[in-house]
Amino acid sequence: MSSGVLFGLGAAVAWGGGDFLGGWNARRLPSTTVAFWAQTSSLAILLALVLVVRPEWDTTAFGWGLSAGLFTGFGGAVLYRGLATGNAAVVAPLSALGAVVPVVVSVARGESPGAMAWPGIVLALLGIVVVSIPGEGASFRSNHHLGPVLMGLAAALGFGVFFVLVNGGTGEGRPELIVLIGARLGSALLIGSTAFAGGIRRPGRLLPSLVALGTIDVSANGAFALASTRGNLAAVSVLASLYPVVTVVLARVFTSERLTLTRVAGAGLALGGAALISAA
């Protein structure tokens, strides 16, 4: 198993854990407050790493990262807005299609994954969508309107372009840490402006949990940055996008959330696809 595959799966585990922890905090604080403090803490962690590691400054890498951060911040903001409309059953599965973007870009560059990886990519993408479908009680009110569909696709586009831009920023031996600083600053600027507009609450006793959330998110971004320089962009992006499976499993273990047959089937498809990609 290549290091690119391992880092891609590591990113999925970290992002999945972060989504679970973020959801747990969002039950106690407004989502904008959770996002703001998590972004702030993760940016502080990265700045501390820069002071310790002292990487060589690379303006090009920073620019790629800043652009990537703006896109992932946009994707997250649109996703939360779509979920707030009560159409999670529409928005969530569509937003999980972000991995399609790097697959298309990779093929356009002539960097198509191997023949064995293609069935794995298809299975994994299908599994990601299926496992992202909310369980019982999810609203599907606006199925006659394009709004939720467009928001889900816009979120997917934001997340997918993030994958591509991080890959571009880490190319040609550019320092991953500078790319991550740019990405975190970009998303912090976008999410921070939204949070300030809606008001920010003090985290109180939840601050350690929000710092942990920021640390997990930084680790996920770092793992993907490393994966994108060590493996095929299409393959590692699909692997990193398996995070909904991790979130669902954690919800089952720690909150006793019931797993529907649909989600079990989706998880099985996603993991089977990941196995094929890893073996390619």
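Residues numbered from 1 in each chain as written. Predicted model: local features only at pLDDT ≥ 70, side-chain atom pairs only at ≥ 80, totals over all residues. Heavy atoms only, no water.

### A word on helix α10 (residues 233–240)
Point 1. Within α10, eight of the eight residues are buried, which leaves it mostly tucked inside the rest of the structure.
Point 2. Buried residues of α10: Leu233, Ala234, Ala235, Val236, Ser237, Val238, Leu239 and Ala240, and no others.
Point 3. For α10, the capping residue at the N-terminal end is Asn232, with a side-chain oxygen 2.9 Å from the backbone nitrogen of Ala234. (Buried < 20%, exposed > 50% of the residue type's maximum accessible area, 1.4 Å probe, protein only. Helix = DSSP H or I, 4+ residues; strand = E, 2+ residues; numbered from the N terminus. Polar contact = N/O pair within 3.5 Å; in protein donor to acceptor, adjacent residues only side chain to side chain.)

### Brief notes about the packing of aromatic side chains
Point 1. By the definition in use, this model includes nine aromatic pairs.
Point 2. When the ring of Trp15 is compared with that of Phe224, the centres are 6.2 Å apart and the planes differ by 40 degrees; the resulting orientation is tilted. Residue Trp15 is located in helix α1 (residues 3–26), and its partner Phe224 is located in helix α9 (residues 207–230); the two are separated by 209 residues in the primary sequence.
Point 3. Classification of Trp15 as buried rests on a relative accessible area of 12%.
Point 4. Here the aromatic rings of Phe20 and Phe254 are separated by 6.0 Å at their centres, their planes lie at 40 degrees, and the arrangement is tilted. In this pair, Phe20 is assigned in helix α1 and Phe254 in helix α11 (residues 243–255), connecting sequence segments 234 residues apart.
Point 5. Using a relative accessible area of 18% as the deciding quantity, one classes Phe20 as buried.
Point 6. Take Phe254: its relative accessible area is 59%, and that puts it in the exposed class.
Point 7. Pairwise contacts between aromatic rings join Trp15, Phe162, Phe163, Phe224 and Tyr243 into one cluster.
Point 8. We note Arg28 situated over the ring of Trp24; from NZ or CZ to the ring centre the distance is 3.8 Å. (Phe/Tyr/Trp six-rings, centres within 6.5 Å; stacked < 30°, edge-to-face > 60°. Lys NZ or Arg CZ within 6 Å of the ring centre and 35° of its normal.)

### Points about the nonpolar core
Point 1. Ranked by internal contacts, the top residues of the largest apolar core, which has 35 residues, are Ala11, Trp15, Leu46, Phe162, Val166 and Phe224.
Point 2. For this core, the secondary structure elements donating two or more residues are α1, α3 (59–84), α7 (147–169), α8 (176–198), α9 and α10.
Point 3. The element best represented in this core is α7, accounting for nine residues.
Point 4. Apart from the residues within four sequence positions on either side, Leu46 is in contact with Leu177, Leu180, Ile181, Arg184 and Val218. (Core = buried A, V, L, I, M, F, W, Y, C linked by side-chain atoms within 4.5 Å. Contact = heavy atoms within 4.5 Å.)

### Examining the packing of α7 against α9
Point 1. One can describe the packing of α7 onto α9 by two numbers: an axis separation of 9 Å at closest approach and a directional angle of 60 degrees. One finds that α7 runs oblique with respect to α9. The chirality of how α7 crosses α9 is right-handed. For the pair α7 and α9, the contacting residues are Phe162, Phe163, Val166 and Asn167 in the first and Asn221, Phe224, Ala225 and Ser228 in the second.
Point 2. For the contact of α7 with α9, a count of residues per class yields five nonpolar, three polar and no charged. (Axes fitted to C-alpha atoms, helices over the stretch in contact; angles between N-to-C directions. Parallel < 35°, antiparallel > 145°, perpendicular 65-115°, else oblique. Left-handed = near helix turned anticlockwise from the far one by under 90°. Nonpolar A, V, L, I, M, F, W, Y, C, P; charged D, E, K, R; others polar.)

### Notes on unusual backbone geometry
Point 1. A positive phi angle, near 55 degrees, is found at Arg54, a position not held by glycine.
Point 2. With respect to the element layout, Arg54 can be found in the loop between α2 (31–53) and α3.

### A look at the confidence of the model for the chain
Point 1. On average, the chain scores 86 in pLDDT, and the residues at 70 or more come to 91%.
Point 2. Put simply, helix α4 (residues 88–95) is where the chain has its lowest mean pLDDT, 77, and α9 is where it has its highest, 93.
Point 3. Low pLDDT (under 50) marks residues 139–144, which in the prediction has 13 contacts with non-local residues, meaning those over four places away or in another chain. (pLDDT = per-residue confidence, 0-100.)

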